[in-house]
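Residue-level listing of the chains:
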Amino acid sequence: MEQRDIEIFLTLAEELHFGRTAERLHVSTARVSQTIKKLERRIGAALFERTSRQVALTPIGRRLDDDLRPAYRQIREGIDRAIASGRGVEGVLRVGFIGTAVGQFLHQAAETFHARYPACQVQIREARYSDFLELLRADEIDVMLVPVPVQEPDLASSRHPLARRASVSLEDLAADKVLRPRSLPDYMEESLIPRETPTGRPIERGPEFNTVQEMLSLVGAGKGIFPVPAHARSYDMRPDITYVPIRDGLPRERRLAWRATAETSRIRAFNQTVCDFVAARANPLTDPGARNR
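This is a predicted model, so every value here is computed, not measured.

Cut-offs and rules
- Residues numbered from 1 in each chain as written.
- Predicted model: local features only at pLDDT ≥ 70, side-chain atom pairs only at ≥ 80, totals over all residues.
- Heavy atoms only, no water.
- Pairing = 2+ DSSP bridges.
- Helix = DSSP H or I, 4+ residues; strand = E, 2+ residues; numbered from the N terminus.
- Axes fitted to C-alpha atoms, helices over the stretch in contact; angles between N-to-C directions.
- Phe/Tyr/Trp six-rings, centres within 6.5 Å; stacked < 30°, edge-to-face > 60°.
- Buried < 20%, exposed > 50% of the residue type's maximum accessible area, 1.4 Å probe, protein only.
- Core = buried A, V, L, I, M, F, W, Y, C linked by side-chain atoms within 4.5 Å.
- Contact = heavy atoms within 4.5 Å.

**Student:** Would you explain the sheet that holds strand β3 (residues 91–97) in this entry?
**Tutor:** Pairing between the strands of a sheet comes from backbone hydrogen bonds, and it takes one of two forms, parallel or antiparallel. The strand order across the open sheet formed by five strands is β4-β3-β5-β11-β6, and the pairing between neighbours is mixed. Either end of the sheet is taken by a strand with one partner, and the two such strands are β4 (120–126) and β6 (155–157). Across the sheet, the mean angle separating the axes of adjacent strands is 25° when strand polarity is ignored.

Now the structure itself:
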């Protein structure tokens, strides 16, 4: 089995979408489909169940993914370590973030990264909802920790959640105007605020904001509400805001994103360091679910 075939299989097992897999690996959708068919012929069994609506791993495909992924990760890490030793992971890595608590998290992760790669300095910069995509595309930031899924064809992202599930009911979002981040693509906005409640009641949008502090000021002024991760009540306490738990809150993930064509050993090393940092410690972003109102 060729390394590229393994990479295509593992990426499709993550994305469960032929088009996104092709975009992420910079190959054609036909190449992805042909590779999977070739693997299935070699193994003698289907690896994926395909319908017009979804792609899912078969039990054999899931087992193959479980068997291959650790070994493939180990190979990639070994190559990266060799590159780090030969060329050196050095210079400056510019890392952006959105949200108060996330800055502290990144500083902690950056300390671990610097201990591993002392020749590489990490510069951490706060970004806004309205400009983080522009900062990445303008090459002002190398990698960005974002609170939304990333499905932009020119951007790559890690699949490792850096904050977990949030926990009043989603139905209550229809009782007030919900603030909205300015300039986000629709799919990113809807990952934060659905268009309707689980029973189909429309959720009205309120004023827009650029930064977390603008959002908090609008909430405090009674202009609307906004669902936030639980850690916000520890980092963004204000006398004019109350945080109320959401019993059936939506899953909330943060992920690192970067320009696909600008991926470097520095970015891969930092992404792996952050993943290791989360795996080895209690996640500082995890807490019972909350929203502000």
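**Student:** Got a minute to help me understand the packing of aromatic side chains in this structure?
**Tutor:** Pairs of aromatic rings are described using the distance from one ring centre to the other and the angle between the two planes. This model, assessed by the stated rule, comprises six aromatic pairs. A centroid spacing of 5.6 Å and a plane angle of 70° characterise the contact between Phe105 and Phe277, whose relative ring orientation is edge-to-face. We note that Phe105, like Phe277, is buried. Ring geometry for Phe209 and Phe226: centres 5.2 Å apart, planes at 85°, overall edge-to-face. Taken together, the positions of Phe209 in strand β8 (residues 205–209) and Phe226 in strand β9 (residues 226–228) put the pair 17 residues apart, joining distant regions of the chain. We note that Phe209, like Phe226, is buried.

**Student:** Looking at this structure, I do not really get the nonpolar core. What am I missing?
**Tutor:** Residues Phe132, Met144, Met215 and Phe226 are the most contacted members of the largest nonpolar core, which totals 36 residues. For this core, the secondary structure elements donating two or more residues are α6 (132–137), β5 (143–146), β7 (178–181), α7 (186–192), α8 (212–220) and β9. For this core, the element with the highest residue contribution is α8, accounting for five residues. Setting aside its immediate chain neighbours within four residues, Met144 contacts Gly96, Phe97, Ala127, Phe132, Leu135, Leu136, Arg255, Leu256 and Ala257. Among the nonpolar cores identified, the runner-up in size contains 23 residues, and Leu93, Phe97, Val143 and Trp258 belong to it.

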